[in-house]
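# Chains, contacts and geometry: an overview
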Amino acid sequence: MRATIFLGMLLTTGLTSEALLADDWPQWLGNNRQSVWQESGILREFPEDGPKVRWKVPVEMGYSGPAVASGKVVVTDYVKKEGSITNNPGGADKLQGTERVLCFDEQTGEQLWKHEYDRDYEISYPSGPRATPTIDGDKVYILGAESDLTCLNLADGKPVWHVNLKERYNTKTPIWGFAAHPLVDDEHVYTLAGGEGSVAIALDKKTGEEVWTALDSPEIGYCPPTMIEHGGARQLLIWHAQSLNSLNPKTGEVYWTVPLEPSFTMSISAPRKVGNLLFASGMGDTSALLKLDDDKPAAEVLWRGQAKMSVATANSTPFFDGETIYGFDSGSGALTAVDHEDGTRLWETTDPIGGVRRARHGTGFIVKQDDVYFIFAETGELVIAKLSPEKYEELDRAQILEPTGETGGRAVVWSHPAFAGKAMFARNDKELVCVELGK
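Keep in mind it's a predicted model, so treat the numbers as computed, not measured.

### Comments concerning the overall build of the chain
Broken down by element type, the chain carries three helices and 35 strands. In terms of overall dimensions, the chain has C-alpha extents of about 55 × 50 × 50 Å along its principal axes. In the chain, which comprises 439 residues, the proportion classed as buried is 61%. Sequence-distant contacts, at least 24 apart, represent 56% of the contacts inside the chain between residues at least 6 apart.

Structural data, given as structure tokens:
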């Protein structure tokens, strides 16, 4: 949509392509969920007093990131009315409140519409929805922490359809809530539901009617569906708490399965594909590099992670550049570089998250932009760095948001930002902010 508008401007005004080139960020990890910011003309160091704030608006609690498309910014939050938050990883907190979907103007921050519904929570770390909205054309798809899957009109926020996954599939909420960012592809929307034979589901994106269900597992985990193309077929990757699976996206037929069991059912990070290689990483030294068959949908394990090798990511998805895997290790909190050939660790540093030693579940969200990486750290700082097999080289950093969450006694913000229109859109439990990042 944005590209079409800018092309028209280019043809009618004669302005340079660099001046007009812009991009949307319509879902978690951006276009094609690649964690790549494709715009040009982006700064490499911040102004002395930090990046310019285009606008900021109040929001309530949430781990979900914003999505940006067609001049609109959509984010979800939770307004707590009753209950206490303890952030106990071993037990659920009970809250009463309202889950909301908010839409703002990308340029001004003006609120355009709001959709809300009452929803009680009974989950651990209950501070709001987890899944980033997915914008597809004139619709936006929302997954709430207690399984409310909703399709709304992007223009005005009016509901098109709604499904409560727990009710439809007779399942329960995972201890850390429903978190599998909805994937919209072709005519289907994919996510994780649970229940007998329905870990993975495909629904008609226009009606919410079931197309197929697949897979069994005692726990669904938290990993979003991932679409790849290899071996002459499009493959839908579903990583639940017991195994990584490849499915036919049209029918739900299982192509292949590789056992891969992270600790505490915490399959969270999406598998990353480069060429015919696929890397998956989760809690408890759980990771694997797979080689995909070039002739048919199939895979073999090249190596598996173990203590003091590879990287066990959790809250943030690693970046695989084809030679090196970069990710924040859930045990140490260190940004870790890994040789893809054998899983050898090349270097580790906690500098991006403030140098905290042994910051369990240390989190930074990694996005590549041309020859540098933008890392939104759990400290609320935006870091610009160069990453290579040899070293971590920090170019600059700026404080963007207050870390309003908490884990292990330290303050954190665990929400993936969006990068669009030469700006970053990021939220904590108090506000959503847009900061300018153009040169």
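### What to know about the packing of aromatic side chains
Applying the stated criterion to the full structure yields 16 aromatic pairs. With centroids separated by 6.3 Å and ring planes inclined at 35°, the aromatic side chains of Trp 55 and Phe 104 adopt a geometry described as tilted. One end of the pair, Trp 55, is in strand β1 (residues 53–58); the other, Phe 104, is in strand β4 (residues 93–105), and 49 residues separate them in sequence. An identical accessibility class is assigned to Trp 55 and Phe 104; each is buried. For the pair Phe 279 and Trp 303, a centre-to-centre distance of 6.1 Å together with 50° between the ring planes defines the contact as tilted.

### What to know about a negative patch on the surface
On the surface, Asp 321, Glu 323, Glu 341 and Asp 342 cluster together into a negatively charged patch. The residue Asp 321 is located in the loop between β23 (319–320) and β24 (324–328) in this model.

### Topic: the side chain of Thr 150
Within the element layout of this structure, Thr 150 appears in strand β9 (residues 148–153). Among the residues examined, Thr 150 registers a relative accessible area of 3% and is labelled buried. Apart from residues no more than four positions distant in its own chain, Thr 150 is found in contact with His 115, Val 140, Tyr 141, Ile 142, Trp 161 and His 162.

### Here we look at the sheet that holds β1
Strand order in this open sheet of four strands is β1-β35-β34-β33, and the pairing throughout is antiparallel. Only two strands of the sheet have a single partner each, and these edge strands are β1 and β33 (418–420). If you compare each strand with its neighbour and ignore which way they point, the axes differ by 15° on average.

### A look at the pattern of salt bridges
Under the criterion given, the structure shown has 23 salt bridges. Between Lys 250 and Asp 186 there is a salt bridge, and its shortest N-O distance comes to 2.4 Å. Highlighted residues: Lys 250 in the loop between β17 (243–247) and β18 (254–259) and Asp 186 in the loop between β11 (183–185) and β12 (188–192), separated in sequence by 64 residues. On the accessibility criterion, Lys 250 (48% relative accessible area) is partly exposed. Classification of Asp 186 by relative accessible area gives partly exposed; the value is 43%. A salt bridge links Asp 329 to Arg 345; the shortest N-O distance between them is 3.5 Å.

### Remarks on the sheet that holds β24
Across a sheet, strands are paired by hydrogen bonds formed along the backbone, either parallel or antiparallel in direction. In spatial order, the strands read β23-β24-β25-β26; together these four strands make up an open sheet with antiparallel pairing. Strands at the two margins of the open sheet, each flanked by one partner only, are β23 and β26 (345–349). Where strand β25 (residues 335–339) and β26 come together, four bridges link them in antiparallel fashion. When the sheet's bridge partners are listed, Leu 335 is paired in β26 with Thr 349.

### Regarding the environment of Gly 333
Mapping Gly 333 onto the fold places it in the loop between β24 and β25. Judged by its relative accessible area of 0%, Gly 333 is buried. On a C-alpha basis, the gap between Gly 333 and Gly 30 in space is 24 Å, while along the polypeptide they are 303 residues apart.

### Describing the pairing of β12
Burial analysis of β12 places five of its five residues in the buried class, which makes it a mostly covered element. A two-sided burial pattern is seen for β12, the buried positions comprising His 188, Tyr 190 and Leu 192 on one face and Val 189 and Thr 191 on the other. Bridging between β11 and β12 involves three bridges; their strand directions are antiparallel. Within β12, the position partnered with Val 184 by the bridge is Val 189. Remark: two residues form the turn of the hairpin made by β11 and β12, two consecutive strands paired antiparallel; Asp 186 in that turn has positive phi of roughly 55°. Of the pairings in the sheet, the one linking β12 to strand β13 (residues 200–204) comprises five bridges and is antiparallel in character. Residue pairing for β13: His 188 is matched across the bridge by Asp 204.

What counts as what
Residues numbered from 1 in each chain as written. Predicted model: local features only at pLDDT ≥ 70, side-chain atom pairs only at ≥ 80, totals over all residues. Heavy atoms only, no water. Helix = DSSP H or I, 4+ residues; strand = E, 2+ residues; numbered from the N terminus. Buried < 20%, exposed > 50% of the residue type's maximum accessible area, 1.4 Å probe, protein only. Contact = heavy atoms within 4.5 Å. Phe/Tyr/Trp six-rings, centres within 6.5 Å; stacked < 30°, edge-to-face > 60°. Patch = residues over 30% accessible without salt bridge, like charges linked within 9 Å, V, L, I, M, F, W, Y side chains within 5 Å. Areas by Shrake-Rupley, 256 points an atom, 1.4 Å probe, with all protein chains shown as cover. Salt bridge = Lys/Arg side-chain N within 4 Å of Asp/Glu carboxyl O. Lys, Arg positive; Asp, Glu negative; His and termini not counted. Charge placed at Lys NZ, Arg CZ, Asp CG, Glu CD. Pairing = 2+ DSSP bridges. Axes fitted to C-alpha atoms, helices over the stretch in contact; angles between N-to-C directions.

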